[in-house]
Amino acid sequence: MIKAWLKAGILEDDGFHETIKGTPQGGVASPLLMNIALHGIETVIRGAFSYKESVPQLIRYADDLVILHPTETGVQKAKGLLETWLSTMGLELKPSKTKITHTLWEYQGHVGFDFLGWTIRQFPVGQTHTGKNPRGKPLGFKTIIRPSKEAVKRHQADMKVVIDRNQHASQEKLIEELNRVNRGWANYHRRTVASKTSHACDNVLYLQLRRWAKRRHPHKGGHWIANKYWHVREGKGWQFRSQPVTLWKHGQAHVQKHTKVKGAASPYDGDLLYWSQRLKTHPMFNGVKGMLLRKQQGKCRWCGLLFQDTDVIEIDHITPKGEGGGEELSNKCLLHRHCHDERHAKRVDGISDKDPIIEEPDAGKLACPVLKPSGGDDPFA
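Residues numbered from 1 in each chain as written. Predicted model: local features only at pLDDT ≥ 70, side-chain atom pairs only at ≥ 80, totals over all residues. Heavy atoms only, no water.

**Q** Would you mind showing me how to read the overall build of the chain here?
**A** Within the chain, the secondary structure is distributed over 11 helices and 14 strands. Scored against the burial criterion, the 381 residues of the chain give a buried share of 33%. Of the contacts made within the chain by residues no fewer than 6 positions apart, 49% connect residues no fewer than 24 positions apart. For the chain, the computed accessible surface area is about 25000 Å², with 54% contributed by carbon and sulfur atoms. (Helix = DSSP H or I, 4+ residues; strand = E, 2+ residues; numbered from the N terminus. Buried < 20%, exposed > 50% of the residue type's maximum accessible area, 1.4 Å probe, protein only. Contact = heavy atoms within 4.5 Å. Areas by Shrake-Rupley, 256 points an atom, 1.4 Å probe, with all protein chains shown as cover.)

The following block contains the structure:
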């Protein structure tokens, strides 16, 4: 698959060009290969430090990385190890993008650093707001992560491009394009302290839209323009809207605190129970399936095995609808597709000549009834 990506070629200037070397910018192959190439770098750097030296923390996203250590000496040592390790594969750190800084005090004219569109800094605070170390000891400062100034400037420029491109388009089309841009940007930054930044972006957007409307109607007054494009909704104030769409504001993406992933957990390790509890609003886990998955603690109610990432999961009615069963949650359960087929095959073949026996589980073990074929073996044996 990787070879096919590398040899796929590119379409440029209405023509096809073979890819002799390198990967297309923005393609899926480049970050994948970078992750493969840099795999193990965290272990090498941490292994070179003794417990007394304090082990550095390395945070990496593809080829962007940050190394954190309490001392400048530790950072310099980690940087040297990183340069040596990269040189073995013909890579090097780019000087213009590599710097050493302090997150709390000024160092070489800088405080904090930008990473993945965010500015990470620490601020001295009192006892009521201070952060704590892993042992619960107050630190005397608090880490604040905000959208970086460069990220905000780029986003405001993107909004201007969309508005200028739709100077003669309908209001509805303009709102739809702006909503895609604004919603994506706000959702990306909602895990940071972004409330003030979101409101500032909304203010800039209002000025841009007012300029857009004025250019469309240069001979109309402000009241006429406002009444045409901005409408009052009960309880929501003035909104830039056109039936049936309303402009989505940055402030609607409420800040949500990020919860760190437990250990080395991965969406691909098959622990759907953990991810269903963590990602309650994810399309894969919300709705009836998500509630049943949490209720059943990630287990199939026929075979008792944990669901895996590649399993086909289906909803089954404990009492069939044809026999008077309803759509309430208590009459539904999740089964593997093959378990679903097996259960109904036994009912058709007459092995189970009556409704499945619903056995209440032992307290504290299962939060959902266990299905057992009448007269059959215990599916959990």
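**Q** Explain a nonpolar patch on the surface here, please?
**A** A surface patch of nonpolar side chains, amounting to about 580 Å² of accessible area, comprises Met1, Ile2, Trp5, Val28, Leu32 and Ile36. Contributing elements (two or more residues each) for the nonpolar patch: helix 1 (2-6) and helix 2 (29-37). (Patch = residues over 30% accessible without salt bridge, like charges linked within 9 Å, V, L, I, M, F, W, Y side chains within 5 Å. Salt bridge = Lys/Arg side-chain N within 4 Å of Asp/Glu carboxyl O.)

**Q** How do you make sense of the confidence of the model for the chain when you look at a structure like this?
**A** In regions of low pLDDT, the predicted coordinates are not meant to be interpreted in detail. Residues at a pLDDT of 70 or more form 88% of the chain, whose mean pLDDT is 82. Element-level mean pLDDT values for the chain span from 39 in strand 13 (residues 357-359) up to 94 in helix 5 (residues 149-165). Segment residues 352-381: pLDDT under 50, and 58 contacts once partners within four positions in sequence are set aside and those in other chains are kept. (pLDDT = per-residue confidence, 0-100.)

**Q** I would appreciate a short explanation of the pairing of strand 6 (residues 118-124) in the present structure.
**A** Alignment of strand 5 (residues 113-115) against strand 6, held across 3 bridges, turns out to be antiparallel. Looking across to strand 6, one finds that aspartate 114 is bridged to threonine 119. Hairpin connection, strand 5 to strand 6: the antiparallel pair is bridged by 2 residues, and leucine 116 has positive phi, about 55°. One ladder, built from 7 bridges, connects strand 6 with strand 7 (residues 141-147); its direction is antiparallel. (Pairing = 2+ DSSP bridges.)

**Q** Hey, could you run me through the layout of surface pockets in this one?
**A** The rolling of a water-molecule-sized probe over the atoms marks out the regions of remaining empty space. There is about 330 Å³ of room inside the second largest pocket. Sorting the residues of the lining of the second largest pocket by element identifies strand 5, strand 6, strand 7 and helix 5 as the ones contributing at least two each. Broken down by class, the residue content of the lining of the second largest pocket amounts to 6 nonpolar, 5 polar and 5 charged. (1 Å grid on protein atoms, 1.4 Å probe; cavity = no way out; pocket = protein on both sides within 12 Å on 5 of 7 lines; lining within 4 Å. Points joined across faces, edges and corners; volume = space filled by probe spheres on them. Nonpolar A, V, L, I, M, F, W, Y, C, P; charged D, E, K, R; others polar.)

**Q** How do you make sense of the pattern of salt bridges when you look at a structure like this?
**A** Side chains that carry opposite charge are capable of pairing whenever their charged atoms lie near each other. By the definition in use, this model includes 12 salt bridges. We note a salt bridge from glutamate 42 to arginine 60, for which the minimum N-O separation is 3.4 Å. With glutamate 42 in helix 3 (residues 41-47) and arginine 60 in strand 3 (residues 57-61), this pair connects stretches of sequence that are 18 residues apart. Notably, a salt bridge pairs lysine 153 with glutamate 150, separated by 4.0 Å at the nearest N-O pair. Pair noted here: lysine 153 and glutamate 150 are both in helix 5, with a separation of 3 residues, about one helical turn. Within the structure, one salt-bridge network assembled from shared partners comprises Lys160, Asp164, Arg211 and Arg215.

**Q** Explain the packing of aromatic side chains here, please?
**A** The geometry of an aromatic ring pair is captured by two quantities: the separation of the ring centres and the angle between the planes. Per the counting criterion, the structure on display carries 6 aromatic pairs. For the pair tryptophan 118 and tyrosine 188, a centre-to-centre distance of 5.2 Å together with 25° between the ring planes defines the contact as stacked. One end of the pair, tryptophan 118, is in strand 6; the other, tyrosine 188, is in helix 6 (residues 171-189), with 70 residues separating them in the sequence. With 5.2 Å between their ring centres and 70° between their planes, tryptophan 212 and tyrosine 229 make a pair best called edge-to-face. Here the residue tryptophan 212 occupies a position in helix 7 (residues 195-216), and tyrosine 229 occupies one in helix 8 (residues 222-229), the gap between them amounting to 17 residues. Judged by relative accessible area, tryptophan 212 falls into the buried class, the value being 1%. Over the ring of tyrosine 229 we find lysine 228; its NZ or CZ atom is 5.5 Å from the centre of that ring. (Phe/Tyr/Trp six-rings, centres within 6.5 Å; stacked < 30°, edge-to-face > 60°. Lys NZ or Arg CZ within 6 Å of the ring centre and 35° of its normal.)

**Q** Just to check I follow, could you spell out the sheet that holds strand 8 (residues 230-233) for this structure?
**A** The strands making up a sheet associate through hydrogen bonds between their backbones, and the pairing can be parallel or antiparallel. Spatial strand order, 8-9-10: 3 strands in an open sheet with antiparallel pairing. The sheet is open, and its two borders are formed by strand 8 and strand 10 (245-246), each paired with just one other strand. Where strand 9 (residues 237-242) lies against strand 10, 2 bridges are found, and the strand directions are antiparallel. When the sheet's bridge partners are listed, serine 242 is paired in strand 10 with valine 245. Strands in contact with helix 7 are strand 8 and strand 9; relative to strand 8, the strand with the most contacts, it is inclined by about 130°. (Axes fitted to C-alpha atoms, helices over the stretch in contact; angles between N-to-C directions.)

**Q** How do you make sense of the sheet that holds strand 6 when you look at a structure like this?
**A** Strand order in the open sheet made by the 3 strands is 5-6-7, with antiparallel pairing throughout. On the outer flanks of this sheet lie strand 5 and strand 7, each paired with one strand and no other. If you compare each strand with its neighbour and ignore which way they point, the axes differ by 30° on average.

**Q** How should I be thinking about the nonpolar core in this particular structure?
**A** Side chains that are nonpolar tend, in soluble globular proteins, to be buried together. Core analysis: the largest hydrophobic core is formed by 16 residues, its most contacted members being Leu174, Leu178, Leu209 and Phe240. Counting residues per element, the ones that place at least two in this core are helix 5, helix 6, helix 7 and helix 8. At 4 residues, helix 7 tops the list of elements feeding residues into this core. Those residues within four positions of leucine 209 in sequence are excluded, and the remaining contacts are Ile163, Leu174, Leu178, Trp230, Phe240 and Leu247. Core analysis: the second largest hydrophobic core is formed by 12 residues, Leu272, Cys300, Cys333 and Leu334 among them. (Core = buried A, V, L, I, M, F, W, Y, C linked by side-chain atoms within 4.5 Å.)

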